[in-house]
Amino acid sequence: RAADVVASYTRAALELGCDVIVVGSDKRLAQLVGDGVWWYDAFKDVRYTAEQIRKRFDVAPEHVAEWLAMVGDEDVLPGVKGVGKKSATQLIESHGSIRRALEEVASIEGRVGNALRASLDDARRELARAELDRAQPLPRPLSELAYRAPESGPLQAYYTELGFLEL
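Anyway, here's the lowdown on the structure attached to this text. Given the structure is predicted, the values throughout are model-derived calculations rather than measurements. (Residues numbered from 1 in each chain as written. Predicted model: local features only at pLDDT ≥ 70, side-chain atom pairs only at ≥ 80, totals over all residues. Heavy atoms only, no water.)

Here's the deal with the nonpolar core
The criterion, for reference: Definition used in this section: a nonpolar core is a set of buried Ala, Val, Leu, Ile, Met, Phe, Trp, Tyr and Cys residues joined via side-chain atoms within 4.5 Å. Note on exposure labels: buried denotes an accessible area under 20% of the residue type's maximum, exposed denotes more than 50%, and partly exposed covers the range between, all computed with a 1.4 Å probe on protein chains only. Each helix is a run of H or I in the DSSP string that is no shorter than four residues. Each strand is a run of E no shorter than two, and both are numbered from the N terminus.
With 40 residues, the main nonpolar core has W39, I53, F57, M70, V83, L91 and L116 as its most contacted residues. Sorting elements by how many residues they give to this core places helix α3 (residues 64–71) first, with six residues.

Below, the structure written as structure tokens:
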């Protein structure tokens with residue numbers, strides 16, 4: 001999955017001591033935010049810090065994947081029927097994580113407990129889909145991806161060919 005490749009490149013860049021700005025609209029990218037990592041959502045024109053992630057999702061970046069697994073995301077994840085934003089946040093706050101809540105599902109009372117018990121397999125599947133794999137092999141080594149400024153002559157000729165009047 002493309003988001004897993006982004007997560008793996010983010011990990012590799014952090015290991016080299018680089019700061020990272022992850023650009024994309026996939027909400028799962030929010031789980032990468034932390035020291036030295038920001039998420040830029042170009043559709044919203046917002047650069048998210050950990051504090052902004054907490055404000056947007058009501059949970060810290062390290063809990064975004066499991067929160068999204070429960071509430072869903074119209075682009076990627078269907079979520080778990082009967083578990084909304086408030087319920088997912090409360091499960092994380094009271095159990096420490098959704099995984100722990102699923103381990104303790106027998107003790108969860110009310111509508112949310114019933115919804116989780118009825119959709120346990122769905123909840124586990126969605127957790128696996130929401131969490132990004134940061135350990136995937138990199139398609140190309142990070143060292144090969146360093147920015148190199150293009151030669152201005154051929155670039156200007158290409159822009160002219162495309163019909164750009166000025167840049």
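Moving on, there is more to tell.
Quick notes on the packing of aromatic side chains
Remark: the centre distance and the inter-plane angle together describe each pair of aromatic rings, the angle taken between the planes. How we decide: In this scheme Phe, Tyr and Trp rings, the latter by its six-membered ring, pair at centre separations within 6.5 Å, and the angle between planes marks the pair as stacked below 30 degrees, edge-to-face above 60, and tilted otherwise.
Under the criterion given, the structure shown has three aromatic pairs. Note on F57 and W67: the rings are 5.5 Å apart at their centroids and 80° apart in plane angle, and the pair reads as edge-to-face. Here F57 is found in helix α2 (residues 50–57), whereas its partner W67 is found in helix α3, with 10 residues between them in sequence. The pair formed by F57 and W67 is uniform in burial state, with each residue classed as buried.

Notes on the pattern of salt bridges
Pairing between side chains of opposite charge can happen when their charged atoms approach one another. The condition is simple: Note on definitions: salt bridges are taken to be side-chain nitrogens of Lys or Arg within 4 Å of carboxyl oxygens of Asp or Glu.
A complete count under the given rule lists 12 salt bridges for this structure. Note that R1 and D4 form a salt bridge whose closest N and O atoms lie 2.8 Å from each other. On the basis of relative accessibility, which here comes to 4%, the residue D4 falls in the buried class. The partner of E126 in a salt bridge is R129, with the nearest N and O atoms 3.1 Å apart. Taken together, the positions of E126 and R129, both in helix α7 (residues 120–130) and three residues apart, correspond to about one turn of that helix. Overall, the relative accessible area of 0% leaves E126 in the buried class. For R129, a relative accessible area of 30% puts it in the partly exposed group. Here the salt bridges share partners, and the residues they tie into one network are D122, R125, E126 and R129.

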